[in-house]
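Residue strings, one per chain:
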Amino acid sequence: MTVIGLTSLTIFNTTSYPPANLVLPAGFSASIVADSLGPLRHLIVNKNGDIYAKLNSLRNGKGIYFLSDRTHDGIFQKKTAFATYPGTGIKIKNGYLYSASNNGVFRYKLNNREEVLDADKPELIVQGLVDKRQDNSKSIALDDQGNLYVTVGSYSDACREKGSGKGMPGCPLLDSVGGIWKFKADKLNQSYGDAVHYAKGIKNAVGIDWNTSTKSLFATQHGRGSFSDKFPQYYTAQQNALLPAETVYELHEGADAGWPFVYYDHFQHKKMLAPEYGGDGKTTGDDKYLEPAIAFPAHMAPNDLLFYTGNMFPERYKNGAFIALHSLSAQLKKGYLVAFVPFKNGKPSGDWEIFADNFTGEDMAKPTGPMQYRPTGLAQGPDGSLYVADDLKGAIFRIVYSK
């Protein structure tokens, strides 16, 4: 088969990558397998161990890299580029590569090696999603019933009326942002009118994954900010830095996580009424809104979510959740790391823990220089290894376990 529509092949210099000085649990090690690719977002590994990686902005007019490991040694000797749009979400399902722009989703037919057959002629699956540049990434997941789930973040942080601290009654923005929409994975040219409004009340879900164990959708949330600017009588500047929690939800059709009407306070372990809608930092919110499955400290920016199904890692990692945290917690003075949450019988069975740290190369409590790397995307290799994308230099890390 001939693969067409890709740019010419480029040989990687595989001897010049810096060491991967990550802090990992005993038995794990990491290497940098690609570098200097640009502002990477999500990535996916095909059955042959090749990588498709999305770019947040175009490089030489292209938005997806295909990294080829023809010798199966974990080093990517060649790269090709295609797609004339930037974006975030990327998945492989049933012989197709699905790739999100910032306002829709395309798919590309794959050959039996899971390589794109014609990069110049993708099918347009979803179009016309809101893109106002602020929190505009579209992340995607696919289930086993032919459905495609697409996140649409809100360009408004708290759904306030312009120039005020008052919330818009009912938050009319929820009709098109702040949630997840379900489309058919094989139907062309769909828009909002063709979709099921699967879940709402999630301000910006960048991490999303279909859990094959529970057969349900999970999504992360970037929490809102700016409490004290309009409500200094209720919130201090310090509380601005410490609230609200970043959350992960298990979602079913019709779920409502409550944004912008409530937020989750991980200190009080409660859903609190947002000040724009009458809250004062003490009044709890309506119980009709979803409880988070996992809560992280504020502003850690969960940018990807992956349920581990491989066999390389120890048994405790099986079906557990890895989360790429893209920013810093003022509470912990920790961040820019990959976290892990163990699961048992489809539910979290322990607190979140730091799995991979030191991407920045700095002590984040007392940083002295620029950060080196910042995790933003996760993928599982066919051998069970874990890949992590970085959006500062455009590196890709591979994490393996040896007994």
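Check the entry above for the structure.
About the criteria used
- Residues numbered from 1 in each chain as written.
- Predicted model: local features only at pLDDT ≥ 70, side-chain atom pairs only at ≥ 80, totals over all residues.
- Heavy atoms only, no water.
- Helix = DSSP H or I, 4+ residues; strand = E, 2+ residues; numbered from the N terminus.
- Buried < 20%, exposed > 50% of the residue type's maximum accessible area, 1.4 Å probe, protein only.
- Contact = heavy atoms within 4.5 Å.
- Polar contact = N/O pair within 3.5 Å; in protein donor to acceptor, adjacent residues only side chain to side chain.
- Pairing = 2+ DSSP bridges.
- Axes fitted to C-alpha atoms, helices over the stretch in contact; angles between N-to-C directions.

Draft legend 1. Representation of the environment of H222. By the secondary structure assignment, H222 is in the loop between β16 (216-221) and α1 (237-242). Owing to a relative accessible area of 15%, H222 belongs among the buried residues under this scheme. For the pair formed by H222 and M300, sequence separation is 78 residues and the distance between their alpha carbons is 8.0 Å. If we ignore the near neighbours within four places in the chain, the residues touching H222 are K203, N204, V206, E246, A301, P302 and N303. Among the polar contacts made by the side chain of H222, one reaches the side chain of N303 at a distance of 2.9 Å.

Draft legend 2. Structural context of the pairing of strand β23 (residues 321-329). Of all nine residues making up β23, seven are buried, and the element is well covered by its neighbours. Pairing geometry for β23 and strand β24 (residues 334-341), over seven bridges, is antiparallel. Within β24, the position partnered with F322 by the bridge is F340. Counting the residues that bridge the hairpin from β23 to β24 gives four residues, and of these K333 lies at a positive phi of roughly 55°.

Draft legend 3. View of the environment of G281. Mapping G281 onto the fold places it in the loop between β20 (270-273) and β21 (294-296). Taking relative accessible area as the criterion, G281 reaches 16% and is therefore assigned buried. In this structure, the C-alpha to C-alpha distance between G281 and Y235, residues 46 residues apart in sequence, is 7.1 Å. Excluding residues within four positions of it along the chain, G281 makes contact with Y235, Y263, Q268 and M272.

Draft legend 4. Main features of the sheet that holds strand β15 (residues 208-211). A sheet is described by the order of its strands in space; here four strands give the open sequence β15-β16-β17-β21, paired in antiparallel fashion. One side of each edge strand has no neighbouring strand; the edge strands of this open sheet are β15 and β21. Within this sheet the neighbouring strands show an average axis-to-axis angle of 20°, counted without direction. Here three bridges tie strand β17 (residues 246-251) to β21, and the two strands are oriented antiparallel to one another. Bridging across to β21, T247 finds its partner in A295.

Draft legend 5. Broad picture of the sheet that holds strand β7 (residues 90-93). In spatial order, the strands read β7-β8-β9-β10; together these four strands make up an open sheet with antiparallel pairing. The open sheet has two edge strands, β7 and β10 (123-126), and neither has a second partner. On average, each strand axis in the sheet is tilted by 25° relative to the strand beside it, whichever way the strands run. Bridge count between β7 and strand β8 (residues 96-100): four bridges; the pairing is antiparallel. Residue pairing in the sheet places K91 in a bridge with Y98 of β8.

Shape descriptors only; they carry no functional weight alone.
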